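Below are the chains, spelled out letter by letter.
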Amino acid sequence: MVVLLGDKCAEYGGQVDVEAHIETCSGILWRELEHSGDEILQLVIQCAEELPHKSTLYATLVGLLNLEDEEFGRKVVDTSHAKLQDALDSENCNKIRILMRFITVLMCSNVIPPSSVIEVFETLLSSATTTVDEERGNLAWQARADFYIFCILGCLPWGGLELAERVPDDLDRVMTEIEAYLSIRKHIFEPAFLPFETPADDNKDGGQDFLEDLWERIKLLCEDGWKVDSVPRPHLAFESRLVTGKSYEFRPVTCPEQPDQPSPSSDVMIGRQRHEAELKYPQRIQRLHIFPVSRTEENMKPIDRFVVEEYLLDIMLYLNGCRKQCAAYMASLPVTFRYEYLMAETIFSQLLLLPNPPFKGCYYALVIIDLCKALPGAFPTVVAGAVRSLFDRVNDLDLECQARLILWLSQHLSNFQFIWQWEEWLHVLDLPRWSPQRVFVQEVLQREVRLSYWEKIMQSIQKAPGLEELLPPKDGSCFKYADQKGDQSEGVEFSLSKELNNLVKDKKTSREILSWVEENIIAVHGHNVSIDVVVQTLLHIGSKSFSHLFTVLERYGNIISKLGSGQSNEILVIEETSKIFQNNTQMAAIAIDRMMVYRIVSNLSIVTWVFSPSNVEQFHTSDRPWEILRNALDKTYNRISDLRKGVISVEKSVQKAIEAKAKAQADLDSAEALLEAAESEELQGQMAVKLKRLKAAVDRTKQEESSEQESLEAKDALLSRALSENEVLFITLYRCFSDALMKHLSVDLTEKQEDVLGTDQREQMSIDSEEPSAMDADDDERRNQRFSKSNGLHSQAEQQWCRCTLGQLRALTRKYATEIWPHIDKIDAEVFTGDIHPSIVKAIYSALRRPV
C-alpha cells in the first residue's frame, strides 16, 4: 500500500480520490506503528527516496502519522538528517537532491519548521559562494557550487509557496544571495559537450547555461505567486489538521571542505581538479531542443518544463530495473497538460548526453518501446518526428551522438518489424558517399542486418528502391582461396590452404599444425605467405557463426599468435582478418576483438592498423575503422578497471588480515599475562594449552597477512604495467591522429578559421517534426565553398574528412578523459610539441575541459 500510494488516484491517471487514499493508508500504518514502527519508518523513507515523483504524498502521509505518534515524526526528521549529511559527505548527488526536496515537502506538512529549511539552504549557499570566490575559493570546483545552487532552486517549486507565506523575509534573502552568486560565478559554455554544433534558430537559449535557465524560470515563478500546477499539493486537504502537529528542528548540516588549490598552480593541475569535480557533480541534462518550444511547452508555464523533466529523470533513474513500471509512471504524471513531446525530448537528451549517459543506450530503447505500447495513439508519432528532426540536423550532430542514435534506431526498428518510411530518405542516394545523412542511413541499415538477416531488411525497404545499394553485400566472407562456386581453386597457396583445411577437419593438434606450417609454408614461401594462408583459412572455417569463430581462435589462436609475433606481423594478421570479413563489419570487429582478448594482437597494433592508408580513406564514409578502434580502447579500459577493482579488493583483505593479526596478538599477550599470574598448576596447565593454540593463531594470521601483501604487490605491479602501457597507447593514438590530420589541414589557419572546423555555418530551416523535410543542397554547396576557401582544403570530401576525424578525436578524448589526465604531462611533452596543428590541440583540450 505504501509503495503504490496514489498510483490509482486521479492525478496519476486513476479514479481514486488521493486524500481518501492517503487517509486510509495513514490509518492502517498508525495501527501497526506500535509493532512495526522501525520497518514502516524505513519503508516510508525508502519510498520517498526512490519514488521522488510522489514525495508530496509521502510527506503528507508522514504529517498525518506525526499527529498520532510524535515519536515517529521525530524519527523521520532525524533519519532524513542523517541520510542528507551522509549524502553530502559521500558526494552522492542524487540523494542530496532528493532528500532536500523531501525535507522541503515535510516542511509543507508542518513536520519541519521553515526556518530549518532556510538554514539548510544558507549552509549550501555559503559553501557555494566560498568556492567561487577568487581569493578564498577554488574555481576548479565550481561544478559542486553550481550543484548546490541547483538543489536549492530545485526545491522551490515544491515549497516556495509555503516559504513565501511563512518566512517571506528569509526567502527573499536566499533569493538575493543566489542572485549574487550567479553574478560572480563563471558562465559555462562548452561546445565540445553540446550534442549540436549549431543550435536551431527557434530553439536558442539566449546563451544561458543550465543554472541561469533555471534561475530565470524560478524568477517567473516568484512573480506568479509561486503557483505550480504540475506539483500536487495533497497536504492542503489536511491543512487544518496538520497545523496542529508538532514540528521538529532539522539539525544543521555541514558541507565537505573544499579541496585546496593546486600548488604550484598550472592549467594541468587545475584541469585535473576540474575534471574530478565534473565527474562527481555532473550536469543532469543537456536539452536537445528537437522540437519547437511551441510544442514541448504547449499549455504549460516555464517552471512546469523543469518539474516534468525532474519527474521523468527521477523515474528513469530509480526504476531502471523495472522498465514496464518505469514506462507506466512516465505515461501518467500528475499534470493536466500534454507532455509527449517534452517526454521524448527528455529521453533523447539522456540518450545523447555527453560525455556519458547515465545508463546504457539499450535501456532508453526499452523505455521508448514500452512508452510506444503504453501510449499507442500519441507517442509513436512523436518518436518518429524526433527521428526526422534529428536526421535533418545530423550534419551538426556530434559524432558520438550519431553513433548512439544509429544504434538506438536500429534496435528500435527491430522491435517494430523494421517498419519505417524509408522513401522519405531516398534523396540520400543523390548525395556524395561522404554526406552525413547518407552515411547515417547506410549505418542504420547495416546495423539492422546484424539484428536480423539480409533478406528481411531487403524486404523492409521495398518501397524505397535504390536503398539496397546502401546495404552490405549479402555474402559475408571473402575467402581468397575459393572460386566463385565456393570450391578451392588450384595453385600453390590454394593447395596449401586446402591441406591446412583438411588438417583442421582431421582434428590435428595446434602443435602438429604449427609444425606443418613451419615445414611447408614458412620454410618454402616465407613468413608473410604463412600469415596470409593460415589466417585466411582458419577464419574461413570459423566464419559460419560466432561460436565457430570463437572455437577456432581458442583452439588454433596460438598458431596465429606465434606467426604474428611482433607489431608488423600483428598488423598483417589484422589486415588479413579485415580482408576476409570485408563484407561483414560485425564479424571483422568481433574477430579482432577476440584476438585482442587472446593476446594474439595488441591494442597498439590495432591503433596503428586503423590509421593505415586504406582505413584513413574510410574515416568519413564508414564507421568500420572507428568501431574497431573503440572496441580496442574499451577493452583496454575494462582491463584497467578490473585491475583497479582487484587492487581495492586485495587492500581490503590486507586490512582484515592486519586486524585479525592484531586481535590474535592481543589475545596472546592477554593469555601470557594470565599465565604469569596463575597460581595453581591446574590453571597453569590450562593456560599453557590455550597459549599454544593462540601462538598457532598468531602464526597463521601472520602467514595470511604475508600472503595478502604478496598478492597486493603482484596486483599493484600488474596495474602499474597496465597504466604504463595505457600511456604508450594514448601517445600512439594522438600521434596517429596528428600525422593523419596534418596531411589535410592547412598549416597557416588563423584562430577564426579554426572555429570553422568545429562549426557548421549553414542556415537552419524550421523543422516540422511530423513531415519529412528536404535538404537544401544549394545552401550546403555555398557553405562548403566558403569552408574550402577559408581553410585551404581542396574539396568538399576533404573538408568532411577533416570534420569527421577531428570529431572522432574529440569524442575519444572526451570518453577516456579519466584515463588521459594521469598521463597528460607525458602527452604534452611528446605530442603537443613542434608543428602540431592548432585545430588538433583545440579538439583535445576542449574535450578535456582544458584552457587552450
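If you look the protein chain up in an unreviewed UniProt entry, it shows as Nuclear cap-binding protein subunit 1 from Callitropsis funebris. What UniProt states about the protein chain under its Subunit (unreviewed entry) heading is, verbatim, "Component of the nuclear cap-binding complex (CBC), a heterodimer composed of ABH1/CBP80 and CBP20 that interacts with m7GpppG-capped RNA." Database annotation for the protein chain, UniProt heading Sequence similarities (unreviewed entry): "Belongs to the NCBP1 family."

Trainee: Can you help me understand the packing of aromatic side chains in this one?
Mentor: In total, this model carries 28 aromatic pairs according to the counting rule given. With a centroid separation of 6.4 Å and an interplanar angle of 50°, the aromatic rings of Phe150 and Phe210 are classed as tilted. Here Phe150, found in helix α6 (residues 142-166), pairs with Phe210, found in helix α8 (residues 210-223); they are 60 residues apart in sequence, far enough to count as distant. Centre to centre, the rings of Phe359 and Tyr363 are 5.0 Å apart; their planes meet at 65°, and the pair counts as edge-to-face. Judged by relative accessible area, which is 23%, Phe359 ranks as partly exposed. On the accessibility criterion, Tyr363 (8% relative accessible area) is buried. Within the aromatic cluster, the residues linked to one another by ring pairs are Phe391, Trp420, Trp422, Trp425 and Phe440. Its end group placed over the ring of Trp158, Arg101 keeps NZ or CZ at 4.2 Å from the ring centre. One residue, Arg849, lies across the ring of Phe193, its end atom 3.8 Å from the ring centre.

Trainee: Please explain the side chain of Thr585 as it appears in this structure.
Mentor: Topologically, Thr585 is positioned in helix α25 (residues 585-597). By relative accessible area, Thr585 is classed as buried at 16%. One polar contact links Thr585 to Arg624, side chain to side chain, over a distance of 3.3 Å.

Trainee: Looking at this model, I keep getting lost on the domain arrangement of the protein chain. Mind explaining?
Mentor: Interface size, as often reported, equals the accessible area lost upon joining of the parts. The domains assigned to the protein chain are domain 1 (2-247), domain 2 (293-464) and domain 3 (492-635). The straight-line distance from the C-alpha centre of domain 1 to that of domain 2 is 30 Å. Each partner contributes to the interface: domain 1 provides 42 residues, whereas domain 2 provides 30 residues. In this assembly, domain 1 packs against domain 2 so that about 3,100 Å² is buried in total across both faces, 59% of it on carbon and sulfur atoms. The three residues of domain 1 that bury the most area against domain 2 are His53, Phe196 and Arg217, which together make up 22% of that side's buried surface. The interface formed by domain 1 and domain 2 includes 7 salt bridges. Arg217 is the partner of Glu297 in a salt bridge, and the nearest nitrogen-oxygen pair spans 3.5 Å. In this assembly, domain 1 and domain 2 are joined by 12 residue pairs in polar contact (both at pLDDT 80 or more). Broken down by secondary-structure element, the contributors of at least two residues to the side of domain 1 that touches domain 2 are α1 (18-50), α4 (93-108), α6 and α8. Partitioned by chemical class, the residues of the side of domain 1 that touches domain 2 number 22 nonpolar, 6 polar and 14 charged.

Trainee: What should I look at first to understand the pattern of salt bridges in this one?
Mentor: Working definition: two side chains of opposite charge can pair if their charged atoms are close together. Across all of its chains, the model carries 63 salt bridges by this definition. Here Arg272 and Asp825 are joined by a salt bridge, their closest N and O atoms 3.4 Å apart. On the criterion of sequence distance, the pair formed by Arg272 in helix α10 (residues 267-280) and Asp825 in helix α34 (residues 824-830) is long-range, its members being 553 residues apart. The partly exposed category is assigned to Arg272, whose relative accessible area is 25%. Between Arg849 and Glu278 there is a salt bridge whose closest N-O contact spans 3.9 Å. Pair noted here: Arg849 is in the segment after α35 (838-847) and Glu278 is in helix α10, with a separation of 571 residues, a long-range link. Here Arg849 falls in the buried class, since its relative accessible area comes to 16%.

Trainee: Explain unusual backbone geometry to me, please; I cannot follow it from the model alone.
Mentor: As a rule of thumb, non-glycine residues mostly have phi less than zero, and peptide bonds are mostly trans rather than cis. Going from Leu354 to Pro355, the amide bond is cis rather than trans, its omega being 10°. Take Pro355: it is sitting in the loop between α14 (340-351) and α15 (361-374). Although it is not a glycine, Trp226 sits at a positive phi angle of roughly 60°. Following the sequence through the fold, Trp226 ends up in the loop between α8 and α9 (239-242). Even without being a glycine, Lys507 presents a positive backbone phi close to 60°.

Trainee: I would appreciate a short explanation of the confidence of the model for the protein chain in the present structure.
Mentor: With 91% of its residues at a pLDDT of 70 or more, the protein chain has an overall mean of 88. Scored below 50 in pLDDT, residues 201-206 makes 10 contacts in the model with residues more than four places away or belonging to other chains. Here residues 785-792 is a poorly scored stretch, pLDDT under 50, and it has 19 contacts once near neighbours within four places are set aside; other chains count.

Trainee: Where do I start with the environment of Met100 in this structure?
Mentor: Secondary-structure assignment places Met100 in helix α4. Judged by its relative accessible area of 1%, Met100 falls in the buried class. In this structure the C-alpha to C-alpha distance between Met100 and Leu84, which are 16 residues apart in sequence, comes to 7.5 Å. Setting aside chain neighbours within four positions, we find Met100 in contact with Leu84, Val120, Phe121, Leu124, Cys151, Ile152 and Cys155.

About the cut-offs
- Residues numbered from 1 in each chain as written.
- Predicted model: local features only at pLDDT ≥ 70, side-chain atom pairs only at ≥ 80, totals over all residues.
- Heavy atoms only, no water.
- UniProt positions renumbered as here; feature names shortened; annotations may be inferred.
- Phe/Tyr/Trp six-rings, centres within 6.5 Å; stacked < 30°, edge-to-face > 60°.
- Helix = DSSP H or I, 4+ residues; strand = E, 2+ residues; numbered from the N terminus.
- Buried < 20%, exposed > 50% of the residue type's maximum accessible area, 1.4 Å probe, protein only.
- Lys NZ or Arg CZ within 6 Å of the ring centre and 35° of its normal.
- Polar contact = N/O pair within 3.5 Å; in protein donor to acceptor, adjacent residues only side chain to side chain.
- Domains from an automatic or database assignment.
- Contact = heavy atoms within 4.5 Å.
- Buried area = accessible area lost by both parts, 1.4 Å probe.
- Salt bridge = Lys/Arg side-chain N within 4 Å of Asp/Glu carboxyl O.
- Nonpolar A, V, L, I, M, F, W, Y, C, P; charged D, E, K, R; others polar.
- pLDDT = per-residue confidence, 0-100.

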